[in-house]
Amino acid sequence: MTTPASIISVARSIINDVDPTLYRQADSELLGYFNDGMQEISVLVPSVFSSIGDLTCTVGSVEQTVTFNSAQAIIDILCIHGSTAITPFDWDIMNRFNPGWRTDTAGPAKQWVRKQGDPLRFFIYPQSPSTAQVIDVMYVRNPIVLALTDTITEIPAGYYPALVDYIVYRAESKDDESVVSQRSAGHYQTFVAKVKGA
């Protein structure tokens with residue numbers, strides 16, 4: 001079972017910080033880099049942290065908000081739970097050809113669109129009926145913040161080398177020397193390439 005401590009150990013060997021009596025950077029600091037790397041993976045490859053949840057719509061409203069505690073961003077609105085699909089609509093086209101769509105008669109959701117600038121809010125059409133309407137939402141969840149000895153379960157093993165690169169990038173980015181800064185940037189580029197290629 002792989003833990004953040006084992007990933008950090010590999011990173012320490014790269015940055016030549018392996019003597020526990022003389023660590024330049026504490027385990028707690030490198031663990032923070034590890035958890036930041038997990039968060040960055042969730043942004044670069046959202047599907048790795050995708051989940052599906054049941055959301056009860058706000059009655060009589062077209063505007064809805066994903067309220068799951070772990071949610072970071074919407075990926076898709078799939079369907080009315082156990083029923084028909086909900087398909088995306090184009091905001092500009094809907095406003096042009098049906099300017100009163102926000103106040104049309106309530107009914108089961110047929111279409112949806114993201115609210116621009118807000119990763120957790122969206123609009124459905126038509127507005128939600130008076131009876132509770134539950135829809136299936138695919139969303140990106142925030143990674144669980146891990147302790148040093150927790151088992152890594154949220155990502156495939158193929159991402160572990162990328163996390164090593166991310167920790168090295170962050171550790172070396174603290175150094176002002178030009179050579180180290182260039183090496184740090186190289187580790188970040190390698191991290192991104194590995195994550196997108198995993």
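For clarity, every value in this text was computed on a predicted model and none was experimentally measured.

K.L.:
Please set out unusual backbone geometry residue by residue, giving values where relevant.
P.N.:
Of note, the amide linkage connecting Tyr 125 to Pro 126 takes the cis form, showing an omega dihedral of -5°. Tracing the chain through its elements places Pro 126 in the loop between strand 6 (121-125) and strand 7 (134-141). For Asn 16, which is not glycine, the phi torsion reads 55° and is therefore positive. Note that Asn 16 resides in the loop between helix 1 (4-14) and helix 2 (27-44).

K.L.:
Describe the environment of Thr 2, listing the residues and the values that go with them.
P.N.:
Examined against the element boundaries, Thr 2 turns out to sit in the segment before helix 1. For Thr 2 and Thr 151, which are 149 residues apart along the polypeptide, the C-alpha to C-alpha distance reads 5.7 Å. Once residues within four sequence positions are removed from consideration, Thr 2 is found in contact with Ile 7, Asp 150, Thr 151, Ile 152 and Tyr 160.

K.L.:
Please give an account of the environment of Pro 161 that cites residues and values.
P.N.:
In this structure, Pro 161 sits in helix 4 (residues 160-172). As a C-alpha pair, Pro 161 and Val 10 span 151 residues in sequence and 9.0 Å in three-dimensional space.

K.L.:
A description of the sheet that holds strand 1 (residues 50-56) should follow, citing residues and the corresponding values.
P.N.:
Taken in spatial order, the 3 strands of this open sheet run 1-7-3, and their pairing is antiparallel. Only two strands of the sheet have a single partner each, and these edge strands are strand 1 and strand 3 (71-80). For this sheet the average axis-to-axis angle between neighbouring strands, irrespective of direction, equals 35°. Here strand 1 pairs with strand 7 via 7 bridges, running antiparallel. Bridging from a neighbouring strand, Gly 53 pairs with Val 137 of strand 7.

K.L.:
So what about the pairing of strand 5 (residues 111-114)? Which residues, and what values?
P.N.:
Where strand 4 (residues 87-88) lies against strand 5, 2 bridges are found, and the strand directions are parallel. Its bridge partner being in strand 5, Thr 87 is matched across the sheet by Gln 111. Chirality of the crossover, the property in question, places the unit of strand 4, helix 3 (residues 91-97) and strand 5 among those that are right-handed. Note that strand 5 and strand 6 share 4 bridges and pair antiparallel. By the bridge assignment for strand 6, Val 113 is matched with Phe 123. Linking strand 5 to strand 6, which pair antiparallel, is a turn of 6 residues; within it Gly 117 sits at a positive phi near 85°.

K.L.:
With reference to specific residues and values, describe the pattern of salt bridges.
P.N.:
Taken as a whole and judged by the stated rule, the model has 9 salt bridges. With a shortest N-O distance of 2.8 Å, Arg 170 and Asp 36 are connected by a salt bridge. In this pair, Arg 170 is assigned in helix 4 and Asp 36 in helix 2, connecting sequence segments 134 residues apart. For Arg 170, a relative accessible area of 22% puts it in the partly exposed group.

K.L.:
How would you sum up the sheet that holds strand 4? Please name residues and give values.
P.N.:
Across the sheet, 4 strands lie side by side as 2-6-5-4; this open sheet has mixed pairing. Each edge of the open sheet is held by one strand with a lone partner, namely strand 2 (63-65) and strand 4.

K.L.:
Provide a residue-level description of the nonpolar core, including the pertinent values.
P.N.:
Ile 7, Phe 34, Ile 41, Ile 155 and Ile 167 are the most contacted members of the largest nonpolar core, which has 29 residues in total. Elements with a minimum of two residues in this core: helix 1, helix 2, helix 4 and helix 5 (178-197). Ranked by residues supplied to this core, first place goes to helix 4 with 8 residues. Residues Ile 74, Ile 86, Val 137 and Tyr 139 belong to the second largest nonpolar core, which totals 16 residues.

K.L.:
Describe helix 1, and please don't skip the residues or the numbers.
P.N.:
Inspection of helix 1 places Pro 4, Ile 7, Ile 8, Ala 11 and Arg 12 among the buried residues, and these make up the whole buried set. Take helix 1 and look down its axis: the buried residues cluster within an arc of 140°, on one side only. Buried residues along helix 1 sit in contact with helix 2 and helix 4. With its phi angle positive at about 55°, Asn 16 sits one or two positions after the end of helix 1.

Rules and cut-offs
Residues numbered from 1 in each chain as written. Predicted model: local features only at pLDDT ≥ 70, side-chain atom pairs only at ≥ 80, totals over all residues. Heavy atoms only, no water. Helix = DSSP H or I, 4+ residues; strand = E, 2+ residues; numbered from the N terminus. Contact = heavy atoms within 4.5 Å. Pairing = 2+ DSSP bridges. Axes fitted to C-alpha atoms, helices over the stretch in contact; angles between N-to-C directions. Right-handed = clockwise from strand over helix to strand, strands pointing away. Salt bridge = Lys/Arg side-chain N within 4 Å of Asp/Glu carboxyl O. Buried < 20%, exposed > 50% of the residue type's maximum accessible area, 1.4 Å probe, protein only. Core = buried A, V, L, I, M, F, W, Y, C linked by side-chain atoms within 4.5 Å. Arc of directions from axis to C-beta.

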